[in-house]
Amino acid sequence: MFRNLFKKFQAAPTQGADNDPVCGMPANSAITLTHEGKTYAFCSEDCKQEFAQHPEKYSSK
Ligand SMILES: [Zn+2]
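Conventions adopted
- Residues numbered from 1 in each chain as written.
- Predicted model: local features only at pLDDT ≥ 70, side-chain atom pairs only at ≥ 80, totals over all residues.
- Heavy atoms only, no water.
- Helix = DSSP H or I, 4+ residues; strand = E, 2+ residues; numbered from the N terminus.
- Buried < 20%, exposed > 50% of the residue type's maximum accessible area, 1.4 Å probe, protein only.
- Contact = heavy atoms within 4.5 Å.
- Areas by Shrake-Rupley, 256 points an atom, 1.4 Å probe, with all protein chains shown as cover.

Some remarks on the overall build of the protein chain
Then comes step 1: The helix and strand tally for the protein chain stands at three helices and two strands.
Then comes step 2: Along its sequence from the N terminus, the protein chain presents helices and strands in the succession α-β-β-α-α.
Then comes step 3: The buried share of the protein chain, reckoned over its 61 residues, is 23%.
Then comes step 4: Here the contacts in the protein chain between residues at least 6 apart in sequence split such that 15% fall between residues at least 24 apart.
Then comes step 5: Accessible surface, the protein chain as shown: approximately 4,700 Å² in total, 52% of it carbon and sulfur.

The following block contains the structure:
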């Protein structure tokens, strides 16, 4: 059921930006972190910190 929610987000992009890999919300392009050569954007500092602590959990989708 989580997949259905995610699809809904992708069907209606707001800014054409990447989604937050942690929570799936549209990301704020001002909050980014580079992991293994790839730059990820997040909706908030909280999600950025969460990613920083568990990068494998969120980058291997
Ligand atoms: Zn988030």
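A short note on the environment of Glu 45
Then comes step 1: By the secondary structure assignment, Glu 45 is in helix H2 (residues 45–53).
Then comes step 2: For the pair Glu 45 and Ile 31, spaced 14 residues apart in sequence, the C-alpha to C-alpha distance is 6.9 Å.

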